[in-house]
Amino acid sequence: MANKITWLYGKTVIVTGASSGMGKDIATRLIKEHSCTVIGVARSEAKMKAFNEELGEYAKQFTYKLFDVSILENWQDFAKWIEENNIHPDILINNAGILPKFDKFENYSIEDIRKAMDINFFSNVYSMKVMMPIILKSSDPGIVNVASSAAFASLAGTSVYSASKAALKGLTEAVREETRGRCYVGLVCPGFTKTDIFRNQGDDTASANKAFDLVSTPCAKMVDMIMHGIIHRKSRMAYGFDSKYMDIGGRMAPVGCSKISSTVMKKSKLPLFDDVFKVQ
Ligand SMILES: NC(=O)c1ccc[n+]([C@@H]2O[C@H](COP(=O)([O-])OP(=O)(O)OC[C@H]3O[C@@H](n4cnc5c(N)ncnc54)[C@H](OP(=O)(O)O)[C@@H]3O)[C@@H](O)[C@H]2O)c1
């Protein structure tokens, strides 16, 4: 399945959140189409084992490490393992993340907020702090951080998620300029994408699934766009129609963009957004 040779060819790539969704598809594409060696990171051994089996003859290009990316010590242990095993990673793709249940800010506990910031933001701080000195030794290094369209504009029900992804966007954009000429740094802001990330929303009704289907880009199509962006070393990747809307709307009419989207959510009357708009 080898594609035309790109800068990714034969690289060693760390992909977090490689056990499912976009991370798994990105890892597959790197392995099968760019002859990369991938070190996948996630917590679920069952999912990683299944992925390893799915890779079949390509499994020799895949290794995985199981750890929680939101803990600094785990990254330090991982870096030690990398060095002890004489591995020389070229590219770091920080993709692991969670989508907290849509809710209003008043209802989130401090623990909910810390958890989202730890997994969606601080995991990237730790991984870059610990891994950058190693990655920058590569002759052609790269760092790709997966944020979200939620970094462009906040909607009702996404306060914590948007804050975590906006923080990641800000961090990534500064690091991009600080390492310009030394390292490719890419920021990916996908819109709604059909993956398992919605499993914690507590609304598995046909109407909710239909709504997700309507607004979501299929995972394979999203990963096509992400791979195209990385191959072409794009700095900023706003993919999916909703991401483009949030990107442009968030700049041209920041209040109107949030207001219109939040009104559509409210008018949809989906049980999914009940907690967001219910006044106690
Ligand atoms: N799907 C969307 O609509 C959408 C839109 C915009 C942005 N994004 C972002 O895209 C990224 C990938 O999401 P996805 O849709 O592919 O979701 P997904 O299918 O739920 O995959 C998330 C991945 O992250 C891993 N993960 C979560 N918490 C972790 C932790 N504490 N430590 C280590 N690994 C962890 C999960 O593995 P384990 O469970 O095995 O740990 C899983 O492999 C996320 O950052 C998400 O915020 C998604």
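Our structure is the block above this text.
Conventions and cut-offs
- Residues numbered from 1 in each chain as written.
- Predicted model: local features only at pLDDT ≥ 70, side-chain atom pairs only at ≥ 80, totals over all residues.
- Heavy atoms only, no water.
- Buried < 20%, exposed > 50% of the residue type's maximum accessible area, 1.4 Å probe, protein only.
- Helix = DSSP H or I, 4+ residues; strand = E, 2+ residues; numbered from the N terminus.
- Pairing = 2+ DSSP bridges.
- Right-handed = clockwise from strand over helix to strand, strands pointing away.
- Near = heavy atom within 4 Å.
- Polar contact = N/O pair within 3.5 Å; in protein donor to acceptor, adjacent residues only side chain to side chain.
- Areas by Shrake-Rupley, 256 points an atom, 1.4 Å probe, with all protein chains shown as cover.
- Nonpolar A, V, L, I, M, F, W, Y, C, P; charged D, E, K, R; others polar.
- Axes fitted to C-alpha atoms, helices over the stretch in contact; angles between N-to-C directions.
- Contact = heavy atoms within 4.5 Å.

Trainee: How should the pairing of strand 4 (residues 91-94) be read in this particular structure?
Mentor: A regular strand places its side chains on the two faces of the sheet in alternate fashion. By the alternation rule, side chains of strand 4 split into Ile91 and Ile93 and Leu92 and Asn94, which are all buried. With three bridges joining them, strand 1 (residues 12-16) and strand 4 adopt parallel strand pairing. Note on strand 4: the bridge partner recorded for Val13 is Ile91. Two strands pair when backbone bridges link them, and strand 4 and strand 5 (residues 142-146) are joined in this way by four bridges, in the parallel orientation. Within strand 5, the position partnered with Ile91 by the bridge is Gly142. At this point the chain moves from strand 4, through helix 4 (residues 110-135), to the parallel strand 5, and the crossover so formed is right-handed.

Trainee: It is not clear to me how the site of the ligand should be interpreted in this structure. Could you clarify?
Mentor: Close to the ligand lie 32 residues; Ser19, Arg43, Asn95, Thr193 and Thr195 are nearest. In this structure, an oxygen atom belonging to the ligand sits 2.7 Å away from a side-chain N or O atom of Ser19. Within the side chain of Ser20, one N or O atom sits 2.9 Å away from an oxygen atom of the ligand. Relative to its unbound accessible area of 890 Å², the ligand is 97% covered by the protein chains. Broken down by secondary-structure element, the contributors of at least two residues to the shell around the ligand are helix 1 (21-34) and helix 5 (159-178). Split into classes, the residues belonging to the shell around the ligand amount to 15 nonpolar, 11 polar and six charged.

Trainee: What exactly am I supposed to notice about the sheet that holds strand 9 (residues 236-239) here?
Mentor: The pairing of strands in a sheet happens through backbone hydrogen bonds and is either parallel or antiparallel. Taking strand neighbours across the sheet as the criterion, the seven strands line up as 3-2-1-4-5-6-9 in an open arrangement whose pairing is parallel. What marks the edges here is a single partner per strand, and that holds for strand 3 (62-66) and strand 9. Averaged over neighbouring strand pairs, the angle between their axes works out to 15 degrees when direction is ignored. When strand 2 (residues 37-42) meets strand 3, the two strands line up parallel, connected through five bridges. Looking at the pairing, Val38 lines up with Phe62 of strand 3. Of the strands in this sheet, strand 1, strand 2, strand 3 and strand 4 touch helix 3 (residues 72-84), which is tilted by about 155 degrees from strand 2. Sheet strands in contact with helix 4 are strand 1, strand 4 and strand 5, and its direction is about 175 degrees off that of strand 4.

Honestly, that's just the spatial picture; any functional story needs more than this.
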